[in-house]
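Descriptive analysis of the structure
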Number of protein chains: 2
Amino acid sequence: MPKICDQWYRDILRVLYQRRTVTRRGIIEATRLNVASVSHTLQHLLQCGTILKVGELQTSRGRKREVLTLNAEAWYFAVADLEGSRLRFALTNLIGDIRFLWEEDWEFGNKLNVERVINGIKTVIQNGRPEQYSQILAIGISHPGIMDKNGCITAVNLGWSDLSLAAEIEERFNIPVFLEEAHRSCVVAEHWLGAAKDVADCAYVIVGNGIGVGIFLGGHLVQGHDGIAGELGHLTVDLNADDKCNCGKRGCLEAIASSPNIVRQYLEKTGGDGEHPYGHRVLEVYEKARQGDAAAIVVLDRAARYLGLALSHLTNLFNPQLIVLGGDIIYGEDVLLPRIRDEVLRHALPKAAENVDIRVSNLGADILLKAAASLAFQNALESPTLLRKICSPISFELPAVKISGPRSVAAQKVPRSSRLRTPASAS
Amino acid sequence: MPKICDQWYRDILRVLYQRRTVTRRGIIEATRLNVASVSHTLQHLLQCGTILKVGELQTSRGRKREVLTLNAEAWYFAVADLEGSRLRFALTNLIGDIRFLWEEDWEFGNKLNVERVINGIKTVIQNGRPEQYSQILAIGISHPGIMDKNGCITAVNLGWSDLSLAAEIEERFNIPVFLEEAHRSCVVAEHWLGAAKDVADCAYVIVGNGIGVGIFLGGHLVQGHDGIAGELGHLTVDLNADDKCNCGKRGCLEAIASSPNIVRQYLEKTGGDGEHPYGHRVLEVYEKARQGDAAAIVVLDRAARYLGLALSHLTNLFNPQLIVLGGDIIYGEDVLLPRIRDEVLRHALPKAAENVDIRVSNLGADILLKAAASLAFQNALESPTLLRKICSPISFELPAVKISGPRSVAAQKVPRSSRLRTPASAS
């Protein structure tokens, strides 16, 4: 058998990952590899147990075709989402289905100790079935803030400055760690799984503890020269504003429209005592606005106006087809989105403003965990060591594989609290 | 001889265009085509006269290698630049060297009649040598404003709304017409010829009659979903400003910092009578500021502040390595650029702001004509009809070809007026 080159493995595994089930001919068409290369590679992957035959397809024109799929339970990822107002950790299979979930509260405004991240990862790894432990291929983390070219993270919202997170975690678990900024990993997830599938020019805006944007242009994710593109939250939107941002500047979008800052402005207006943990009450402010509370309406109106202004900048500069909003704003769609849309129409050139579709994400609360798993898979394919691991004979006992329908979550220790549900719209 | 496929022609002609002179091995390395494909294609192109042998390269390791070049005088382009405060037309050879130049004044604020564009093109075509006329491959035009997917141009500064410029001109000359928005064609020219060569993430900002940006990210030109990305001039930079923009909105960057609006503000402050044609006096305002005129300093300071704010948005969103400024601002570098740089440092995140190099273009006044010729060449390669023309035996008599050094301009009817020279910096 001729030598199989790594690129054939990558191309074929990517097609299997995207399509879930596919025939040999489908792989040949999608990869544009020649028939012999595909046959040799598939034969090897089948022998290894990396892929499975799961059925056959027959047409009126005759010959049956085998339907192939990735053996999704052959490998697992431990993933973390550090962006939200709770810390979330999960064990996922190769294709990002969650097998175990762990959530814990964390008070916004405090420094996040790396030890807590390590403990969260340890929790999901230890709570998996024992045979899963040896099958963990990599750790994937979606984090706020920015990562420089050396992999150091600066995230004011977590109190991190030039932190070598990957190195610290890798040292503890001896498993490769892949990091991605949350707003960018989200746009990747939307692109693979959600509303932005097949949309070449789109932007994914997170409005939560921070504000950032992941931008796909012509099908390419914008990284920037130093890998820190997408800092929508630090656009100065009001030169005269007093609102001080965590970055040290004044008048940043984030200082006006992020969840903690919406709460701050509401408490300033109402003289509230801040008894609830900082950052946990933005859904309450949304609810107050629905009930007609004047202070809540003024604060949210201001946030929406500047969000709309910033989105009009995106629209004028990129002319995107779609802007997807995610994060806490999903639960405030009814009170924020109409005003945001108005402002985009007001400030962007009509041709661009009329053609851009602005909506909230429908991928739900798990998007960042799925995004981290998806990025871990993509990165694993690019790593020669991990690629060799994926494409080697599987030595452990494999559980039975189901291939139809979404997989159920094996264990979900923490029930979703009520604030994670979409609130009923105002009546 | 086997069939030569169009893509081989395109790949090989692009390498010859970029490198000017190249060996057969250089072409094989750059195109990654196989040796036989390259040999067959080159043999055909040499027979046709599309490419020429112009020398040989010998190394100590032996075998001589032929040096090949495009036959630059085999084909010509008629090009136009409608962005500036004068209308400029030229006849260029295949590689964009200007062979004949025509400039005429045009008063900013008036509607530009298409007949004037047609006459300008006719002038450069008729003033070429007779044998050049039959060799004109295409017409290329850099225009202000935006073009929609149907090729219709809306340019408030020219008084155009949904104008089918290409169709009107093509009908008259029966020569294919290729259009590009000026700020985008500039970034392409900077990418091929200027400061942005080999820079993957850069932005080219034009500040002239209008303000726009062409953005290269990861080596790709950002087009946008409807092809109208880059509207930097219509970012609302001051929500409270009274300055009315040509687009109908208030507080656009263009309404504050474009050349005609700098002049307008200066005249408003000084009670000037506007005796000079609108838009022609921005260089005088620069000069007044150098001499310490308070009104000029205030107006330019305001323009620079908002230009800096807009550039900080670009920096936060794209994290570019380089921002090149072109247009009238080239002549006001000393009075505008330091303040612009300060504002970017003030408003953009430090990591992105410190790493971005902001400077004026060194490609000079001909950049848009060269850009139009470059885009016409790229588009001609993509057109099957024009590609066939380029790769067919040349039937007309060819002039002698010089290959070393820049080519001299054969005829330059209109001397550059003094305002196109870089003004001496303030002493």
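Scroll up to find the structure.
The present account deals with the structure reproduced in this document. Keep in mind that what you see is a predicted model, and the values were worked out from it rather than measured. (Residues numbered from 1 in each chain as written. Chains lettered and ligands numbered in written order. Predicted model: local features only at pLDDT ≥ 70, side-chain atom pairs only at ≥ 80, totals over all residues. Heavy atoms only, no water.)

When you go through chain A residue by residue, the secondary structure sums to 15 helices and 17 strands. Within chain A, the fraction of its 427 residues that count as buried is 59%. For chain A, long-range pairs separated by at least 24 residues make up 64% of all intrachain contacts whose partners lie at least 6 apart in sequence. Accessible area of chain A: about 17400 Å², with a carbon and sulfur share of 47%. (Helix = DSSP H or I, 4+ residues; strand = E, 2+ residues; numbered from the N terminus. Buried < 20%, exposed > 50% of the residue type's maximum accessible area, 1.4 Å probe, protein only. Contact = heavy atoms within 4.5 Å. Areas by Shrake-Rupley, 256 points an atom, 1.4 Å probe, with all protein chains shown as cover.)

Okay, the packing of helix α1 (residues 6-19) of chain A against helix α3 (residues 35-48) of chain A next. Residue and element names in this part refer to chain A. At a minimum axis separation of 10 Å, α1 and α3 run at an interaxial angle of 75°. Relative to α3, the element α1 is oriented roughly perpendicular. In this structure, α1 contributes Trp8, Tyr9, Ile12 and Leu13 to the contact, and α3 contributes Ser37, Val38, Thr41, Leu42, His44 and Leu45. Here the residues of the contact of α1 with α3 are counted per class, giving seven nonpolar, three polar and no charged. (Axes fitted to C-alpha atoms, helices over the stretch in contact; angles between N-to-C directions. Parallel < 35°, antiparallel > 145°, perpendicular 65-115°, else oblique. Nonpolar A, V, L, I, M, F, W, Y, C, P; charged D, E, K, R; others polar.)

With an axial shift of 0.1 Å and an RMSD of 0.1 Å, the rotation relating chain B to chain A amounts to 180°. Look at the turn and shift together and you get a two-fold axis relating the two. When the interface residues of chain B are mapped onto chain A, 100% of them again fall at the interface, so both copies present the same face. (Least-squares fit on C-alpha atoms with pLDDT ≥ 70 in both.)

Moving on, we get to the pattern of salt bridges. Scanning the entire structure with this criterion turns up 49 salt bridges over all chains. Between Asp243 of chain A and Arg302 of chain A there is a salt bridge, with the nearest N and O atoms lying 2.8 Å from each other. On the criterion of sequence distance, the pair formed by Asp243 of chain A in the loop between β14 (220-221) and α8 (253-257) and Arg302 of chain A in helix α11 (residues 294-318) is long-range, its members being 59 residues apart. With its nearest N and O atoms 2.9 Å apart, the salt bridge here joins Arg290 of chain B to Glu287 of chain B. Of this pair, Arg290 of chain B and Glu287 of chain B are both found in helix α10 (residues 282-290), three residues apart, which corresponds to roughly one turn of the helix. Salt bridges here are not isolated pairs; linked through shared partners, they connect Arg86, Arg88, Glu103, Asp105 and Asp366 of chain A. (Salt bridge = Lys/Arg side-chain N within 4 Å of Asp/Glu carboxyl O.)

All names here are of chain B. Counting buried residues in strand β5 (residues 86-93) gives eight out of eight residues, a clear majority hidden from the surface. Pairing of strand β4 (residues 76-81) with β5, which is carried by six bridges, proceeds in the antiparallel orientation. Residue pairing for β5: Tyr76 is matched across the bridge by Asn93. Here β4 folds back onto β5, and the loop between the two strands holds four residues. Note that β5 and strand β6 (residues 98-105) share seven bridges and pair antiparallel. Counted as the bridge partner of Leu87 is Glu104 from β6. The antiparallel hairpin formed by β5 and β6 contains four residues in its connecting segment, where Gly96 sits at a positive phi of about 85°. (Pairing = 2+ DSSP bridges.)

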